[in-house]
Amino acid sequence: MKKLLPTPEIIAIAARVSPSPADSPDAAVMEAISRLSGQVVHDMTNVLAGAMMDVSFVRASLDKADDSVIEALDNLADIVTKGRAFMERLTTLTDAGNLNLKDVHLVRHIRETVAAFTEKTGNRWPVETRVPEQHARAVFDGARLSVIMDNLLANAAEAMTEGGKILVSVEDMEVHDANRPSPSIPDGRYMKIAVQDHGKGMSTEDQTKVFHPFFTTKKDQPGAGLGLTQVYFAVKSHGAKVRIETQTEESSFTRVEVYLPADKNTIVSASASEIKQPEISPEKPLTGIHIVIVDDENIVMRAMDRLAGRKGASVMTYSDPQQAFAELSSFPDGCVAVIDQKMPGMSGIDLAERIRSARPDVAIIMMSGYGIEGDIQKRIESAAIEGFLQKPVDIPEFVQVIKSCAARNSSSQ
């Protein structure tokens, strides 16, 4: 008779359920990883933000240059872009709420991830994909969903050492008492993403440790043991759930299911085009716009100063938020203030609230490389902040957000 191992309640509901008691070693390790990763992301993101802006600035400043110079600059831009992608993946190990939530097409995103996996592995593990023609809308962070899929596909492949087919399925699911897959998944609409392999299955003991940091059954592979920990954090950050079902005897398999909360009132087609934000040409000037930049990271502040000035804006800069507030009266009427959130002495939201109270004519854009969540997010909404920039900042996005906020501010005067 087939033996179906019990399904563990792997925890991933953000802040509502802990994966283990707060004083356990595993919880302490998870917290340490989260804090360390968050600090690394914050510091490196500032470095990458300054580098990307300066590369763009130099590239745009060269009317005529040797092809090798242009090629070197383009190569530097590619390096910074890859560094940014790495930082985005590292954010999955943080609890910083560093989410870049967008209305991205779920099925298209999964198909692209599967295609990249197949190309990378030379189709050694063919992937069968089953998706619905129509499904509910699920807003998510594309980079974190890629981390989830990349790691689940990699683990499925590693479970089948002799090769074999991986099954990836997407299901639009309404959870209720009659079909609840786990007691910890509440009623509601979900997009269920499942990745299944046909390996040897997992022991009961391994199931209880599978999402723990540095746990691995692959002792001969240095550095293994963080892939599913990344999945844990990525799922948790979306307020989603993840569960494992496995069988070790005849027809053995392991299936990992991720339940993303979905909007039951919006339906999208599996063949629909991806929804993208409108882009603005990086050459379009910011003529006539006054910008005040407040950031304690001089690398970022100087790069933004050069870039904004190149686009035609007049710029004031402050590395000290307290000095910026003390000189608030010197801010030009109807200017746009770009304020970093994490600064010593006074946080960005503290400064923003004071500016909003004293100078309601100033448009405010918050900026962060670490994430905005919880109480800070509520305060930002309460202060009616006009815009937000996630470091490292894309040049077209920087121009677009500045111009949009300036235009709205001008029309409300």
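Residues numbered from 1 in each chain as written. Predicted model: local features only at pLDDT ≥ 70, side-chain atom pairs only at ≥ 80, totals over all residues. Heavy atoms only, no water.

**Overview of the pattern of salt bridges**
- This structure, assessed with the given rule, holds 16 salt bridges.
- When the shortest N-O distance is used, the salt bridge between E128 and K165 registers 3.8 Å. You can see E128 sitting in strand 2 (residues 127-130) and its partner K165 sitting in the loop between helix 4 (142-159) and strand 5 (166-175), a full 37 residues away along the chain.
- Assessed through its relative accessible area of 28%, E128 is described here as partly exposed. (Salt bridge = Lys/Arg side-chain N within 4 Å of Asp/Glu carboxyl O. Helix = DSSP H or I, 4+ residues; strand = E, 2+ residues; numbered from the N terminus. Buried < 20%, exposed > 50% of the residue type's maximum accessible area, 1.4 Å probe, protein only.)

**Brief notes about helix 9 (residues 348-358)**
- Residues of helix 9 that are buried: G348, I349, L351, A352, I355 and R356. Around the axis of helix 9, the buried residues are gathered within 155 degrees of arc, so they sit on the same side. (Arc of directions from axis to C-beta.)

**Quick word on the packing of aromatic side chains**
- If you walk through the whole model with that rule in mind, you get two aromatic pairs.
- Ring geometry for Y318 against F331: centres 6.0 Å apart, planes inclined by 35 degrees, an arrangement best described as tilted. Of this pair, Y318 sits in strand 11 (residues 314-318) while F331 sits in the loop between helix 8 (321-326) and strand 12 (336-340); the two residues are 13 residues apart in sequence, bridging distant segments of the chain. In this structure, Y318 and F331 share a single accessibility class: buried.
- Here the guanidinium or amino end of R354 rests over the ring plane of F325, the centre of that ring lying 5.7 Å away. (Phe/Tyr/Trp six-rings, centres within 6.5 Å; stacked < 30°, edge-to-face > 60°. Lys NZ or Arg CZ within 6 Å of the ring centre and 35° of its normal.)

**Brief notes about a nonpolar patch on the surface**
- A contiguous nonpolar surface patch, about 280 Å² in accessible area, is contributed by V40, M44, V47 and I299.
- Broken down by element, the nonpolar patch gets its largest block of residues, three residues, from helix 1 (residues 25-61). (Patch = residues over 30% accessible without salt bridge, like charges linked within 9 Å, V, L, I, M, F, W, Y side chains within 5 Å. Areas by Shrake-Rupley, 256 points an atom, 1.4 Å probe, with all protein chains shown as cover.)

**Describing the pairing of strand 10 (residues 290-294)**
- Among the five residues that make up strand 10, four are buried, leaving the element largely enclosed by the rest of the structure.
- As paired elements, strand 10 and strand 11 share five bridges and run parallel to each other. Looking across to strand 11, one finds that V294 is bridged to Y318.
- When strand 10 meets strand 12, the two strands line up parallel, connected through four bridges. In the sheet register, I293 faces strand 12, and the bridge partner there is V338. (Pairing = 2+ DSSP bridges.)

**Some details on the environment of A51**
- With respect to the element layout, A51 can be found in helix 1.
- Counting along the chain gives 25 residues from A51 to L76, while the straight-line C-alpha distance between them is 8.8 Å.

**Some thoughts on the packing of helix 3 (residues 106-121) against helix 4**
- One way to put it is that helix 3 packs onto helix 4 with a least axis distance of 10 Å and a crossing angle of 45 degrees. Taken together, helix 3 and helix 4 sit at an angle that is classed as oblique. Here helix 3 and helix 4 pass one another in a crossing that is right-handed. In this structure, helix 3 contributes L106, H109, I110, T113, V114 and F117 to the contact, and helix 4 contributes G142, L145, S146, M149, D150, L153, A154 and A157.
- The class makeup of the residues in the contact of helix 3 with helix 4 is nine nonpolar, four polar and one charged. (Axes fitted to C-alpha atoms, helices over the stretch in contact; angles between N-to-C directions. Parallel < 35°, antiparallel > 145°, perpendicular 65-115°, else oblique. Left-handed = near helix turned anticlockwise from the far one by under 90°. Contact = heavy atoms within 4.5 Å. Nonpolar A, V, L, I, M, F, W, Y, C, P; charged D, E, K, R; others polar.)

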